[in-house]
Amino acid sequence: MCGRRWGKTAAALQMVLRGHGSHRGHRRGAIDGAKIWWVAPDYPTLEEVIWPDLVKAVKGVTTRKPNQQSHRVELIGGGMITLKSASDPEKLVGVGLDGLVIDEAALVAAQAWQKSLRATIADKEGWATFISTPNGRNWFFDLFESAGADMTGQWEAWQRSSRDNPLMSEAELRSAEQDTTPQLYQQEYEAQFTDLAGAEFPGECFGSFLWVDDDRWPRPEEFQFHVLALDPSKGKTDKADDSAFVKLSLHQSGVMYVDAEIDLMHLGKLTERTLEISREFNPVAVGIEAVQFQELLGIHIDAEARRVGWPLNVWHIDHTTNKHARIRSTLTHHVMHKEFRFRRSSRGARKLVAQLQEFPKAKHDDGPDALEMAVSLARRIHSGESQDAHWRMEAV
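A brief look at the structure comes next. (Residues numbered from 1 in each chain as written. Predicted model: local features only at pLDDT ≥ 70, side-chain atom pairs only at ≥ 80, totals over all residues. Heavy atoms only, no water.)

### Some points on the overall build of the protein
- For the protein, the count of helices and strands is 11 helices and 13 strands.
- The globule rule puts the C-alpha radius of gyration for 396 residues at 21 Å, and the 23 Å found for the protein is close to it.
- A principal-axis box enclosing the C-alpha atoms of the protein has dimensions of 70 × 45 × 40 Å.
- Counting over 396 residues, the protein shows a buried share of 51%.
- By element, 48% of the accessible surface of the protein is carried by carbon and sulfur atoms, the whole surface being about 18,600 Å².
- A distance of 4 Å separates the average location of the 48 positive side-chain charges in the protein from that of its 56 negative side-chain charges. (Helix = DSSP H or I, 4+ residues; strand = E, 2+ residues; numbered from the N terminus. Rg over C-alpha atoms; globule rule 2.2 N^0.38 Å. Buried < 20%, exposed > 50% of the residue type's maximum accessible area, 1.4 Å probe, protein only. Areas by Shrake-Rupley, 256 points an atom, 1.4 Å probe, with all protein chains shown as cover. Lys, Arg positive; Asp, Glu negative; His and termini not counted. Charge placed at Lys NZ, Arg CZ, Asp CG, Glu CD.)

Shown next as structure tokens:
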């Protein structure tokens with residue numbers, strides 16, 4: 001069990017390829033002819049995270065081109081690695097496996113291991129490795145505790161924090177700690193079992209599939225359009241909420257790729273930063289919450305954009321229900337169906353996801369609020385809607 005970015009996937013790839021244990025052949029890998037499954041919580045994790053790394057790892061040692069449709073690679077020595085999704089545990093049937101990796105095990109249903117996967121390694125007395133970051137005190141917590149207390153030599157348990165990865169700098173860890181609550185930081189980076197009591201969305205919605213590295217971000221031509229949403233801070237003191245920019249790009253597949261900037265910004269800076277982001281991002285529309293002074297801000301941004309020769313399609317978004325109700329109404333479907341992707345290198349995106357993970361109990365919810373506006377604006381662009389039960393939009 002490890003914190004984020006410790007290197008769980010890389011370590012498990014070595015296991016499935018080369019095997020592991022006290023001596024060569026103790027727990028065979030695919031290079032030695034073993035038949036192995038790698039099980040992920042869902043298809044997005046399987047397709048977007050594990051499969052590309054597996055294809056790179058087996059380059060030069062396969063008998064044929066890796067089959068992406070079946071998610072299977074066959075090695076020269078007769079070994080085979082197959083990726084499987086645990087989204088339907090009853091479909092995880094098979095016999096005669098030499099080894100098994102359950103990725104993000106804390107996000108996988110207990111039924112997948114207990115009723116399906118355990119049987120697949122029984123007849124060959126195969127091995128199973130569970131790699132995961134904690135997700136509360138669920139069945140994976142019980143398994144980890146049991147393995148740690150095992151005296152038979154059949155089970156072992158390891159716990160490593162993100163700090164153990166020499167590629168994770170102290171500055172990066174400090175930044176992550178500042179962007180999350182102590183409880184969430186303990187879970188995600190220190191690999192400690194905690195309970196995010198009262199969270200709206202289950203932990204399975206925040207697996208590794210959610211994060212996209214810069215070199216895997218889709219090309220510009222793969223997006224249908226971009227929108228920018230701004231939730232300005234309503235206060236002027238140190239206790240005021242952050243202002244939040246959310247950049248949302250709708251992919252051809254329907255998946256929404258998201259980046260964000262969430263920080264304290266004074267009013268003058270908001271206009272300047274909106275124009276800077278718009279030049280880089282080229283949104284088809286810019287949505288700004290129209291409450292109190294914010295309506296004047298939208299007018300000022302529109303006027304300034306025209307003055308500098310970069311006119312924007314600015315929309316005022318007037319909310320007609322309370323914040324938590326509209327966030328639930330707009331985002332729940334997309335979160336539960338895993339339709340968001342976030343830029344891994346972005347501090348603002350990390351803040352946004354941390355606030356989503358703790359919603360509605362998080363201290364701040366500026367990120368989810370701006371994301372809700374961005375999704376609503378994208379819906380308006382895509383379908384032509386100008387209002388629904390939770391918001392009303394007007395062009396500036």
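What follows picks up the thread again.
### Here's the deal with the pairing of strand E9 (residues 256-263)
- Taken across its eight residues, E9 has six buried, putting it largely inside the fold.
- For strand E8 (residues 243-251) and E9, the ladder comprises eight bridges, and the chain directions are antiparallel. The residue of E9 that forms the bridge with Leu248 is Val258.
- Linking E8 back to E9 in an antiparallel pair, the connection comprises four residues, with Gly254 at a positive phi of about 95°.
- The pairing of E9 with strand E12 (residues 340-343) spans three bridges and is parallel. Within the sheet, the bridge partner assigned to Val258 lies in E12 and is Phe342. (Pairing = 2+ DSSP bridges.)

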